[in-house]
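# Structural characterization, general
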Amino acid sequence: MTTSTTDSSTPAPGAAASTDERIAVVNPATGLQIGSAPVFDAAAVAELAARGRAAQPGWEAMGFDGRALVLRRMQQWMSDHADELLEILQAETGRVFEDSVLELAYPLTALGHWARNAEKYLRPQKAAASSPFVLSRRLRSYYRPYGLVGIIAPWNFPITIGFGDSIPALAAGNAVILKPSEITPLSIEVIRRGLEECGMPEGVFQIATGAGATGAAVVDVVDMVMFTGSTATGRKVGAQAAQRLIPASLELGGKDPMIVLADANLERAANLAVFGATVNSGQVCLSTERFYVEEAVYDEFVSRVVAKVSALRQGVPVAPGSVDVGAIITADQLEVIDAQVRDAVAKGARVLVGGQPVRGVTGRFYEPTVLVDVDHTMACMTDETFGPLLPIMKVADADEAVRLANDTRYGLAATIVTRDRARGAELAGRIDAGTVSVNDMLTHCFALGLPMGGVKTSGIGTRHGAAGIRKFCATKAVLVAPSFPNADIHFYPANEKVSPLLLAAVTGLYGTASRVARATPRALATARRLRRELGR
Ligand code: NAD
């Protein structure tokens, strides 16, 4: 782990100047300052926007192959610089080595995926004629990059989310301004340097470090915004984008349930539960945050989970494999977790393992915690925790589990554990969430061919799949008609003989023959009446 300090976003030659203000970056596991980053105010962000707009046409003109080449070089570059990236990721997040390896796996996958598939997803689409009015016309829709895309990212996966979302935007031909979280702004600077070394033209990928005001300044200058973060901030970003009438894609908070059915492989279920709730110290949007277990296997499941959670090693991660669970990123986040545990206990929950912040250390850690006798009056079952809590509730059957799983304002992800895959798939269809896993968790992140996003207050829009890159493009529909004949039937002048025929043709296409037969005389009668009334 790094002990030296790092300064991020040293402006490249010709880059926009940030303000003199700097944000201190602290390793949450040690409490030591590890670096700082500049603050970009609105004027500095506007300068970035001007540079991005100037650079974008050249990047778009490189075509899919030219851009894919840069992305593939970056894939290699990141593999070659894995040690440097892991060190800085670990230092700014305070997490364990293995969590950072998982983080690195995502952009490595995504760089290859979008380099390989961007052209396929964005190739012009043919449309069939849907009416005689467009017969003989050539109908095509085209995807054109919006131009300048703003990406605003949270702290829990500084590279996976910030850079990961930039990759499809770049592959589509956009320039990007990335606003990383003010809590983890350092690792992304290594990415910027890597892209530069891989031949990304200057100004195409730029970073605006700073807090919320910098994020708002980014929304003010871009053509499209992709935001990942809390539901509360997502609402603000969505409202600001609506004011500007620019598209916004919002990936927000979650309260993901896990349902364990009586026929489940209980050892796998317990492992999924413990990993799902404590990986990255529970600070994952797809973390499993509440558990519903069928009565018949409840005791056995709880006892396996308690044993596994008790065995977790927690502390400052000094080397690969040295501990299992790392730090909590901020003091505020630690307080949210602890407040939920205190609230649950005050309302009758029992703590079987953990239950408090780790005392006597300089860093911020919260003990992985198992809670039972919980219900939906408790915040730990209804509000996002973003910490290593496992509140477990006994249910009578799968129907009760589904009802409780859906009893939430969130709808990001869910897991069902059962040996009956068909039943799992059927229950998946009844869960109100954007992504559902059966006998699995988190691996959705690596299924880049599948859309991944949230419903309800967990977001609007998806990552991955065709929609995951098309959202960074405007669609243009082009209709090409042959240049003959001289005039179509509906052109001027209106003609009293032809117009009723036109009506007969329109209704004849979609109605029955008898209605057509009635339509023409009725139209003629109406015309005669109108003529009389107008005195013509
Ligand atoms: P946050 O909402 O506090 O901040 C996210 C980003 O928004 C930061 O870069 C922040 O500086 C910026 N920001 C703050 N105010 C802003 C404003 N007014 N305008 C523009 N930008 C602004 O979230 P966080 O605490 O950094 O991250 C944790 C949250 O992120 C959790 O709720 C988690 O569920 C969510 N998350 C969601 C996903 C997903 O894919 N759905 C993934 C990871 C994290």
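Parameters at a glance
Residues numbered from 1 in each chain as written. Predicted model: local features only at pLDDT ≥ 70, side-chain atom pairs only at ≥ 80, totals over all residues. Heavy atoms only, no water. Domains from an automatic or database assignment. Contact = heavy atoms within 4.5 Å. Buried area = accessible area lost by both parts, 1.4 Å probe. Salt bridge = Lys/Arg side-chain N within 4 Å of Asp/Glu carboxyl O. Polar contact = N/O pair within 3.5 Å; in protein donor to acceptor, adjacent residues only side chain to side chain. Nonpolar A, V, L, I, M, F, W, Y, C, P; charged D, E, K, R; others polar. Near = heavy atom within 4 Å. 1 Å grid on protein atoms, 1.4 Å probe; cavity = no way out; pocket = protein on both sides within 12 Å on 5 of 7 lines; lining within 4 Å. Sits in = over half its atoms within 2 Å of the grid points. Helix = DSSP H or I, 4+ residues; strand = E, 2+ residues; numbered from the N terminus. Points joined across faces, edges and corners; volume = space filled by probe spheres on them. Patch = residues over 30% accessible without salt bridge, like charges linked within 9 Å, V, L, I, M, F, W, Y side chains within 5 Å. Areas by Shrake-Rupley, 256 points an atom, 1.4 Å probe, with all protein chains shown as cover. Lys, Arg positive; Asp, Glu negative; His and termini not counted. Charge placed at Lys NZ, Arg CZ, Asp CG, Glu CD. Buried < 20%, exposed > 50% of the residue type's maximum accessible area, 1.4 Å probe, protein only. Pairing = 2+ DSSP bridges. Right-handed = clockwise from strand over helix to strand, strands pointing away. Axes fitted to C-alpha atoms, helices over the stretch in contact; angles between N-to-C directions. Parallel < 35°, antiparallel > 145°, perpendicular 65-115°, else oblique. Left-handed = near helix turned anticlockwise from the far one by under 90°.

An unreviewed UniProt entry lists the chain under the name Aldehyde dehydrogenase family protein, with Gordonia caeni given as the organism.

### What to know about the domain arrangement of the chain
Segmentation of the chain into domains returns domain 1 (6–252 + 467–475), domain 2 (256–453) and domain 3 (485–534). In this structure, domain 1 and domain 3 have C-alpha centres spaced 56 Å apart. The partner domain 3 presents five residues to the five residues of domain 1 that form the contact. Here domain 1 and domain 3 share an interface that buries about 300 Å² over both sides, 67% of which is from carbon and sulfur atoms. When the buried area of domain 1 at its contact with domain 3 is split by residue, P132, F133 and R137 rank highest and sum to 88% of it. Between domain 1 and domain 3 we count one salt bridge in total. Here D488 and R137 are joined by a salt bridge, their closest N and O atoms 3.1 Å apart. Our enumeration of links across domain 1 and domain 3 arrives at one residue pair in polar contact (both at pLDDT 80 or more). Broken down by class, the residue content of the side of domain 1 that touches domain 3 amounts to two nonpolar, two polar and one charged.

### So, the site of the ligand
The full set close to the ligand counts 28 residues, and K179, E182, S230, L252 and E384 are the nearest of them. With respect to the ligand, the side chain of K179 contributes an N or O atom lying 2.7 Å from an oxygen atom. Taking L252, its main chain carries an N or O atom lying 2.7 Å from a nitrogen atom of the ligand. When each cavity is represented as a set of grid points, the ligand is found to reside in the largest pocket. Of all the elements in the fold, those that place two or more residues in the shell around the ligand are α7 (212–221), β9 (224–228) and α8 (231–244). Per-element accounting of the shell around the ligand gives the leading share, three residues, to α7.

### Brief notes about empty space enclosed by the protein
On inspection of all chains with the given rule, the structure shows four cavities of 30 Å³ or more. Of the pockets and cavities examined, the largest cavity occupies roughly 80 Å³. Contributing to the lining of the largest cavity are D256, P257, L286, T288, A413, A414, T415, T435, S437, M441, L442 and H444. Looking at the lining of the largest cavity element by element, the count peaks at three residues for strand β16 (residues 413–417). In terms of residue class, the lining of the largest cavity is built from six nonpolar, five polar and one charged.

### Remarks on a positive patch on the surface
On the surface, R72, R116, K120 and R123 cluster together into a positively charged patch. Along the chain, K120 turns up in helix α4 (residues 97–122).

### Thoughts on the pairing of strand β12 (residues 288–294)
Among the seven residues that make up β12, seven are buried, leaving the element largely enclosed by the rest of the structure. As paired elements, strand β11 (residues 256–260) and β12 share five bridges and run parallel to each other. Residue pairing for β12: D256 is matched across the bridge by T288. What joins β11 to β12 is helix α9 (residues 266–278), and the crossover it makes is right-handed. As defined by bridge partners, β12 adjoins strand β15 (residues 389–395) across four bridges and the pair is classed as parallel. From the neighbouring strand, Y292 faces β15, where its bridge partner is M393.

### Comments concerning a nonpolar patch on the surface
Judged by side-chain polarity, F133, V506, L509 and Y510 come together as a nonpolar surface patch covering roughly 420 Å² of accessible area. Structurally, Y510 can be placed in helix α16 (residues 498–510). Look at Y510 and you get exposed, because its relative accessible area is 59%.

### Section: the packing of α7 against α8
It is at 9 Å that the axes of α7 and α8 come closest, and there the two elements cross at 25 degrees. The angle between α7 and α8 falls in the class roughly parallel. Crossing hand, α7 versus α8: right-handed. Where α7 approaches α8, its residues A216, V219, D220 and V221 are matched on the opposing element by V237, Q240, A241 and R244. Residues that form the contact of α7 with α8 fall into these classes: five nonpolar, one polar and two charged.

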